[in-house]
Amino acid sequence: MKKVMFLIASLLTVFSVSTMANDDVHKFASNEDCKACHTQIYEEFSGSMHVHSTPQKDPIHKAVWDKHPAKNKKEQYGCGKCHTPAADNLDKMLNKGEKAMPVMSNKTHQEGISCAYCHRIEAIELHKKSNTNIISKKEKNYFGTKKKHINSPFHGIVTDGNEHMQNGNVCIGCHSHKKNKYGLNVCSTNIDNTLDKANCVSCHMPKVDGSVSNLNKTDKHTFHGFPGAHSNLDMLEKYVDIKVKKDSKGFKVNLQNHSSHSLLLHPLRLAVLKVSVISGEKTTKLKDETFARVIGKDGKPAMPWVADKTLRDNMLQANENRTLKYDHKLKKGDRVDVTLGWFLVNPKVLKPLKLKDVEVATKFNIFKKESFNF
Ligand code: HEC
Ligand code: HEC
Ligand code: HEC
Ligand code: HEC
Ligand code: HEC
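Residues numbered from 1 in each chain as written. Chains lettered and ligands numbered in written order. Predicted model: local features only at pLDDT ≥ 70, side-chain atom pairs only at ≥ 80, totals over all residues. Heavy atoms only, no water.

### Looking at the site of ligand 3
So, point 1. Around ligand 3 lies a shell of 24 residues, among which Cys34, Cys37, His38, Lys146 and His155 are the nearest.
So, point 2. Take Thr145: an N or O atom from its main chain is 2.8 Å from an oxygen atom of ligand 3.
So, point 3. The contact in question runs from an oxygen atom of ligand 3 to an N or O atom on the side chain of Asn216, over 3.0 Å.
So, point 4. The class makeup of the residues in the shell around ligand 3 is 11 nonpolar, 11 polar and 2 charged. (Near = heavy atom within 4 Å. Polar contact = N/O pair within 3.5 Å; in protein donor to acceptor, adjacent residues only side chain to side chain. Nonpolar A, V, L, I, M, F, W, Y, C, P; charged D, E, K, R; others polar.)

Set out below in structure tokens:
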């Protein structure tokens, strides 16, 4: 009798341990839980696209999702793998044949790429279509990089085997590439950086003033507002140099991209270079140069799930040095104003995406503006 009990007991343990392990992978402390002790980091994070990655919070994402066959036919939000990875029903969102949509009323669907999710990424599995994050099973044990830290009353801190938190690998589970069923890479970035010691984390998570936590004052902490195409553009402008040189025919504008990936990554984007010459009282606006990567099918632009080719790509590439010529002669005393910026959504697709009246999609974002005197 005793023996049987033991067997049942151990079976029960095995059973409960394994189901608990499964459950834990989809159970994350909420962002709100970090606020009391990591106030500044929490506030920066609250303004980032990582919290606004859901259809309910990102109108651009919603506009594309609204057109997607998986929404209209399958009612299954496969995008959840990267856009709502902390959802309590992520398995259903990803298992073929099930129905699972992100909703406003479920808090876990609106946490975005949450604090606890990102800090529990243990490893990255490399795959053809898109990579997969392996989440540690310990619910409140977070990967960190600070070798010298005090203990946290709320969670454990893991600083062994944490290279991925420093070298940018933690980002490539979602950002490396996303291929569609035709093998077309819809969006991708590059982990191999040529700029000395730079990587996703050093460029997109710089050190800024303010404390890591309220319990142990430090001068600096890692910025968690994730500067990118939507916000905090000024924090990245130093990675693109603009130069203007006069020559016999007119002048040249030189753009040097120091980042390890194309200036913009998503095929929705349209970057624009605006150049004007100010000569005394007169301002002459020269022709805009535009940069984009257009994807499509049968020679026409198409949605990411239909496209099978890159039709045109003149986006500023990783580490590219591009020279643009202007045949406008400069006189002594002239000033050349150069503005580099972008529309998050190419104005050509605003109408089909029903985004014509949505400010974030229609506004021109200024990335860098410089004046040159001759
Ligand atoms: C493999 C991970 C992954 C999957 C799966 C994924 N995305 Fe994304 N998505 C990203 C990343 C990373 C970005 C940010 C890219 C950037 O800013 O260049 C992004 C950005 C976007 C944007 C731009 C949003 C904006 O505000 O400008 C749209 C639109 C979008 N995704 C739509 C979708 C849709 C619709 C699905 C599902 C059908 C989906 N994505 C599935 C990773 C993914
Ligand atoms: C997209 C992934 C990601 C998300 C989301 C994220 N972090 Fe981080 N966090 C990191 C990385 C990577 C580092 C290490 C940066 C370094 O070494 O410079 C870090 C560092 C930290 C640090 C310690 C180091 C320091 O100097 O500041 C704390 C504390 C922290 N994060 C808390 C949070 C909290 C709280 C949130 C949510 C409000 C959050 N993180 C969201 C990736 C993330
Ligand atoms: C009760 C206070 C408290 C709460 C709540 C809290 N933390 Fe912390 N956390 C700390 C302290 C204290 C440290 C150590 C700071 C130091 O030594 O400078 C820390 C450090 C960290 C580190 C950095 C480890 C390192 O050394 O790089 C990460 C990552 C982290 N916390 C994530 C989180 C996340 C994510 C949440 C919310 C889910 C959270 N913390 C909630 C107190 C807290
Ligand atoms: C779980 C998936 C996931 C991980 C891990 C992740 N991201 Fe993201 N990231 C996204 C998605 C999805 C978006 C697009 C959200 C949107 O626009 O709706 C995004 C957007 C961004 C943006 C664009 C912000 C903007 O203003 O346009 C930057 C920059 C970024 N991530 C950097 C990072 C860095 C750096 C890391 C690693 C420390 C990281 N991400 C890790 C999914 C992820
Ligand atoms: C040398 C600095 C540098 C490195 C390294 C770098 N980036 Fe960037 N990143 C930039 C610059 C500059 C931009 C364009 C300016 C902006 O978006 O504000 C940018 C833009 C982005 C965007 C927004 C693109 C869009 O179309 O919405 C994402 C997402 C992003 N980077 C993710 C990453 C990831 C992930 C890595 C690592 C694999 C990485 N970056 C490495 C500098 C860098």
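Now, onward.
### Digging into the coordination of the iron atom of ligand 1
So, point 1. If you check the protein contacts of the iron atom of ligand 1, you find one donor only, His83 (NE2), at 2.2 Å.
So, point 2. Here His83 shows up in helix H5 (residues 80-83). (Donors = N, O, S within 2.8 Å, 3.2 Å for Na, K, Ca; no water. Helix = DSSP H or I, 4+ residues; strand = E, 2+ residues; numbered from the N terminus.)

### Focus on the site of ligand 5
So, point 1. Contacts to ligand 5 come from 25 residues, most closely from Cys200, Cys203, His204, His261 and Leu265.
So, point 2. One of the backbone N or O atoms of Ala229 is found 3.1 Å from an oxygen atom in ligand 5.
So, point 3. Per-element tally for the shell around ligand 5: the top contributor is helix H10 (residues 200-204), with 3 residues.
So, point 4. Broken down by class, the residue content of the shell around ligand 5 amounts to 12 nonpolar, 12 polar and 1 charged.

### Focus on the domain arrangement of the protein chain
So, point 1. According to the domain assignment, the protein chain contains domain 1 (2-51 + 113-222) and domain 2 (233-373).
So, point 2. Between the C-alpha centres of domain 1 and domain 2 there is a distance of 34 Å.
So, point 3. Buried surface at the junction of domain 1 and domain 2, summed over both partners, amounts to about 1,500 Å²; 58% is from carbon and sulfur atoms.
So, point 4. When residues of domain 1 are sorted by the area they lose upon contact with domain 2, Tyr182, Leu184 and Val186 head the list and together hold 33% of the total.
So, point 5. Counting across the interface, domain 1 meets domain 2 through 0 salt bridges.
So, point 6. Linking domain 1 with domain 2 are 4 residue pairs in polar contact (both at pLDDT 80 or more), by the criterion used here.
So, point 7. Breaking the side of domain 1 that touches domain 2 down by element, the ones donating at least two residues are strand E6 (185-188) and H10. (Domains from an automatic or database assignment. Buried area = accessible area lost by both parts, 1.4 Å probe. Salt bridge = Lys/Arg side-chain N within 4 Å of Asp/Glu carboxyl O.)

### A look at the nonpolar core
So, point 1. Membership of the largest hydrophobic core comes to 42 residues, with the highest contact counts inside it found for Phe251, Val253, Leu263, Leu273, Val275, Val338 and Trp342.
So, point 2. Secondary structure elements with two or more residues in this core: helix H3 (59-67), strand E9 (240-246), strand E10 (251-257), strand E11 (270-279), strand E17 (321-326), strand E18 (335-343) and strand E19 (364-373).
So, point 3. Core analysis: the second largest hydrophobic core is formed by 11 residues, Phe28, Ala29, Tyr142 and Val170 among them. (Core = buried A, V, L, I, M, F, W, Y, C linked by side-chain atoms within 4.5 Å. Buried < 20%, exposed > 50% of the residue type's maximum accessible area, 1.4 Å probe, protein only.)

### Description of the coordination of the iron atom of ligand 5
So, point 1. Every protein donor of the iron atom of ligand 5 is listed here as His204 (NE2) and His261 (NE2), and their distances to the metal cover 2.0 Å.
So, point 2. Taken together, the 6 donor atoms surrounding the iron atom of ligand 5 define angles of 86 to 179 degrees at the centre, an arrangement classified as octahedral. Residue His204 is located in helix H10, and its partner His261 is located in the loop between E10 and E11; the two are separated by 57 residues in the primary sequence. (Tetrahedral: all angles 85-135°; square planar, octahedral: opposite > 155°, others 65-115°.)

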